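What follows is each chain in one-letter form.
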Amino acid sequence: METKYETEFFAMGTVINQKVYGKNSEFAGIQVENEIKRIENIMSFFLEDSDINKLNENAGKSKIKLEEETIYVINKAKQLSKLSLGAFDITTGPLVKLWGVFTNHAKVPNKKEIDEAQKLIRYEDIIIDVKSNLAMLRRKGQMVDLGAIAKGYAADKAIEIYKKNGIKSAFINIGGNVMVLGKKNHEDLWTIGIQNPDKVRGECIGALLLEDASVVTSGGYVRYFEKNNIKYHHIMDFRTGYPCSSGLKSVTAISNKSIEADALSTAIFVLGYENGIKLVDNIDGLEAIFITENDEIKITEGLKDKFVLFECV
Ligand code: AMP
Ligand code: MG
């Protein structure tokens with residue numbers, strides 16, 4: 001039987017699973033684990049020595065030198081912000097921090113606090129000098145947070161490493177950010193479950209049958225806190241300063257580039273179905289699954305032969 005290497009580890013604030021098939025699978029898998037931890041060290045919002053923390057600390061002060069790949073991710077994020085008309089915006093940082101959805105001091109901020117944080121959101125204020133890898137945030141208090149795109153970047157890097165090692169079949173799941181290489185064990189399409197937003201993790205509404213693709217879901221059920229019986233989730237709408245409420249329970253984006261699937265699933269979740277589908281139609285190779293507040297499931301044309309809806313009992 002062919003060699004298979006399977007691991008689970010913790011990085012980027014989440015659980016990561018990988019299954020790698022073939023000769024070199026263990027070697028490639030270990031390299032991928034190290035690579036993801038390295039990316040976290042550079043791109044984390046929380047680690048003191050990260051590029052992102054340095055960029056944020058120097059907001060409104062001075063240009064600082066960043067790793068070439070941080071510049072790449074920020075540049076890509078800016079393009080995707082423009083495409084999504086600001087629905088996805090990595091300068092949402094001050095708002096994310098203010099709400100503190102991930103922390104033990106999560107709160108519903110007052111209007112003044114929200115107004116102030118909102119004023120700082122503007123992706124055009126990230127100044128980048130690509131030739132010298134210098135970057136700066138224009139105004140004091142501005143903050144970049146790559147939480148909606150860095151896992152996608154890491155998944156793309158993982159696939160690159162598998163390929164470099166001659167691997168033709170692999171699966172990686174970075175906290176719901178899934179990417180597959182080739183076919184499962186070289187034979188069958190991979191089955192990627194789509195989470196039922198109302199059920200415990202692992203209970204799915206259906207599945208995608210795919211090869212060489214990334215599948216990324218954004219939803220309000222993933223991370224949230226509750227206050228006075230209202231749920232406040234972690235994806236922010238720059239227009240209101242509140243967690244977005246666009247009529248969707250979740251959005252799954254499918255693309256062969258995980259960095260795009262990641263950023264755009266977030267963007268579409270903010271935009272809602274009507275505007276989200278326009279964005280999807282505009283981008284080559286992008287497909288999506290929408291689960292609405294009324295429990296309708298809508299899929300794009302390109303997924304017709306790839307999506308299986310499970311029977312509900
Ligand atoms: P995701 O789970 O990929 O949809 O990303 C959500 C994470 O991205 C949040 O936990 C925040 O760190 C950050 N974030 C929240 N709202 C936005 C937004 N509108 N644009 C970009 N990043 C965001
Ligand atoms: Mg995302």
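For the structure given in this document, a descriptive report is provided here. (Residues numbered from 1 in each chain as written. Chains lettered and ligands numbered in written order. Predicted model: local features only at pLDDT ≥ 70, side-chain atom pairs only at ≥ 80, totals over all residues. Heavy atoms only, no water.)

Turning our attention to the overall build of the protein chain. Of regular secondary structure, the protein chain possesses 7 helices and 16 strands. Taking 20 Å as the expected radius of gyration for a compact globule of 313 residues, we find that the protein chain reaches 19 Å, a close match to that expectation. With respect to the three principal axes, the spread of C-alpha positions in the protein chain is 60 × 45 × 40 Å. When each of the 313 residues of the protein chain is scored for burial, the buried share is 53%. Relative to all contacts within the protein chain whose residues are 6 or more apart in sequence, the contacts with residues 24 or more apart total 60%. (Helix = DSSP H or I, 4+ residues; strand = E, 2+ residues; numbered from the N terminus. Rg over C-alpha atoms; globule rule 2.2 N^0.38 Å. Buried < 20%, exposed > 50% of the residue type's maximum accessible area, 1.4 Å probe, protein only. Contact = heavy atoms within 4.5 Å.)

Okay, the environment of phenylalanine 269 next. Mapping phenylalanine 269 onto the fold places it in helix H7 (residues 258-282). For the pair phenylalanine 269 and glycine 176, spaced 93 residues apart in the sequence, the C-alpha separation amounts to 15 Å. In this structure phenylalanine 269 touches Ser218, Gly219, Gly220, His233, Ile235, Cys244, Ser246, Leu248, Lys249, Ser250 and Val251, once residues within four positions along its chain are discounted.

With 16 residues, helix H3 (residues 68-83) extends 23 Å between its outermost C-alpha atoms, agreeing within 8% with the 22 Å of an ideal straight helix rising 1.5 Å per residue. Of the positions making up H3, those classed as buried are Glu69, Thr70, Ile71, Val73, Ile74, Lys76, Ala77, Leu80 and Ser81. Contacts from the buried residues of H3 go to helix H1 (25-43), helix H2 (51-57), strand E4 (126-129), strand E5 (134-137), helix H6 (150-164) and H7. (Expected span 1.5 Å × (residues − 1).)

Right, let's talk about H6 for a bit. With 15 residues, H6 extends 21 Å between its outermost C-alpha atoms, agreeing within 8% with the 21 Å of an ideal straight helix rising 1.5 Å per residue. Buried positions along H6 lie against strand E2 (14-21), H1, H3, strand E6 (169-174), strand E7 (177-181) and H7.

Applying the stated criterion to the full structure yields 17 salt bridges. For the salt bridge of aspartate 51 with lysine 54, the shortest nitrogen-to-oxygen distance reads 3.9 Å. Linking aspartate 51 with lysine 54, this pair stays in helix H2, spanning 3 residues, or about one helical turn. On the basis of relative accessible area, lysine 54 is assigned to the partly exposed category, the value being 37%. For the salt bridge of glutamate 301 with lysine 304, the shortest nitrogen-to-oxygen distance reads 3.2 Å. The class for glutamate 301 is exposed, based on a relative accessible area of 61%. Through salt bridges that share partners, Arg122, Asp125, Arg138 and Arg139 make up one connected network. (Salt bridge = Lys/Arg side-chain N within 4 Å of Asp/Glu carboxyl O.)

All right, on to the packing of aromatic side chains then. The tally for this structure, following the rule as stated, stands at 9 aromatic pairs. With a centroid separation of 6.1 Å and 50° between ring planes, the pair formed by tyrosine 21 and tryptophan 190 is classed as tilted. Within this pair, whereas tyrosine 21 is found in strand E2, its partner tryptophan 190 is found in strand E8 (residues 190-195), the two being separated by 169 residues in sequence. Classification of tyrosine 21 by relative accessible area gives buried; the value is 6%. Judged by its relative accessible area of 3%, tryptophan 190 falls in the buried class. Aromatic pair tryptophan 99 and tyrosine 242: ring centres 5.0 Å apart, planes at 70°, arrangement edge-to-face. Taken together, the residues span a long stretch of sequence, with tryptophan 99 in helix H4 (residues 93-99) and tyrosine 242 in the loop between strand E12 (230-233) and strand E13 (248-255) at a distance of 143 residues. On the basis of relative accessible area, tyrosine 242 is assigned to the partly exposed category, the value being 33%. (Phe/Tyr/Trp six-rings, centres within 6.5 Å; stacked < 30°, edge-to-face > 60°.)

Our focus in this paragraph is the coordination of the magnesium ion (ligand 2). Around the magnesium ion (ligand 2), the protein contributes the donor atoms Ala148 (O), Asp262 (O), Asp262 (OD) and Thr266 (OG1), at 2.1 to 2.6 Å from the metal centre. Each donor residue of the magnesium ion (ligand 2) belongs to the same chain, and together they define the spacing A-x113-D-x3-T. One end of the pair, alanine 148, is in the loop between E5 and H6; the other, threonine 266, is in helix H7, and 118 residues separate them in sequence. The exposure class assigned to threonine 266 is buried, which follows from its relative accessible area of 10%. (Donors = N, O, S within 2.8 Å, 3.2 Å for Na, K, Ca; no water.)

Sheets are built from strands paired through backbone hydrogen bonds, the pairs being either parallel or antiparallel. Strand order in the open sheet formed by 3 strands is E8-E9-E16, with antiparallel pairing between adjacent strands. Since the sheet does not close on itself, it has two edges, and those belong to E8 and strand E16 (307-309), each with one partner. Each strand of the sheet is rotated relative to its neighbour by a mean of 25°, with strand direction disregarded. Taken together, the 3 bridges between strand E9 (residues 204-210) and E16 define a ladder with antiparallel strand orientation. Each bridged residue has a counterpart across the sheet, and for alanine 207 the counterpart in E16 is valine 308. (Pairing = 2+ DSSP bridges. Axes fitted to C-alpha atoms, helices over the stretch in contact; angles between N-to-C directions.)

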